[in-house]
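Descriptive analysis of the structure
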Amino acid sequence: FVLPSGMTMPAMALNTAGLSVDGAERALLSAASAGIRHVDFHPGIERDGVARVLASQGRSGFFLTTKIRGFNGDASDLVAAATTARRQIKEDLSALGVTSVDMLLLRDSLSCQVMQAQWTVLEDALASGQTRAIGVVNYCERALRCLAKTWKV
């Protein structure tokens, strides 16, 4: 798939949802040996399994997709929502030992303002080179309309 930015995203991906650190590592090694180089992972233990593979095989050739965790704080505290997303990006890059991921996705929220605050953080990550593309996951039409009110990218 060619994204609007011109970047090519592999059509086949390994999703590490629910795997342990060891399980994510084994699954990615197996997928890579079968030619699947796109990995979609979550922050935390799954990410840490991916990090092991990157440490042993290097970053080259892997397409890395991750997601911002849902914000569980006070929905009226938009600074905290944005700070949480910013902190996670920094933690993920550090844990993976990379300067950027290929795609960073935002989960939906019950709060439109939280989604808008966190989307701004993703736009900043894109502008600063911490990710090559941004997108959403599990969004309904209402959530997309909310983001469309303020998005720049």
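Here's what I pulled together on the structure shown here. (Residues numbered from 1 in each chain as written. Predicted model: local features only at pLDDT ≥ 70, side-chain atom pairs only at ≥ 80, totals over all residues. Heavy atoms only, no water.)

Regarding the nonpolar core
Applied cut-off: Each nonpolar core is a collection of buried residues, namely Ala, Val, Leu, Ile, Met, Phe, Trp, Tyr and Cys, held together in the definition by side-chain atoms within 4.5 Å. Per-residue accessibility, obtained with a 1.4 Å probe over protein chains only, is compared with the maximum for each type, and a residue is labelled buried under 20%, exposed over 50%, and partly exposed between these values. By the criteria applied, helices consist of DSSP H or I runs no shorter than four residues and strands consist of E runs no shorter than two, each listed in order from the N terminus. A contact between two residues is defined here by any heavy atoms of the two lying within 4.5 Å.
The biggest cluster of nonpolar side chains holds 34 residues, and the ones touching the most others in it are Val-50, Leu-64, Leu-96 and Leu-104. Only helix H1 (21-33), helix H2 (45-57), strand E3 (63-68), helix H3 (78-96), strand E4 (103-107), helix H4 (112-127) and helix H5 (141-148) provide two or more residues apiece to this core. Ignoring any residue separated from it by four or fewer positions in sequence, one finds Leu-64 in contact with Val-39, Phe-41, Val-50, Leu-54, Arg-59, Val-101, Asp-102 and Met-103. Of all hydrophobic cores here, the second largest spans eight residues; its members include Met-7, Met-9, Phe-63 and Met-103.

So, the environment of Leu-147
Turning to its location among the elements, Leu-147 is positioned in helix H5. Between the C-alpha atom of Leu-147 and that of Cys-112, which follows or precedes it by 35 residues, the distance is 7.4 Å. Not counting residues up to four positions away in its chain, the partners in contact with Leu-147 are Met-115, Gln-116, Trp-119, Val-136 and Tyr-139.

Structural notes on H5
Threshold: Directions are taken from the helix axis to each C-beta atom, and the arc is the one they span.
Turning to H5, its buried residues are Ala-143, Cys-146 and Leu-147. One side of H5 holds all its buried residues, which, seen down the axis, span an arc of 95°. Counted as exposed and oriented over 90 degrees from the buried face of H5: Glu-141 and Arg-145. Check the buried side of H5 and you find it contacts H4 and strand E5 (134-137).

A word on the state of the cysteines
For the record, the criterion: Here, a disulfide means two cysteine sulfur atoms that sit within 2.5 Å of each other.
Counted under the stated rule, the structure contains one disulfide. There is no disulfide at Cys-140, and the cysteine sulfur nearest it, in Cys-146, is 9.5 Å away.

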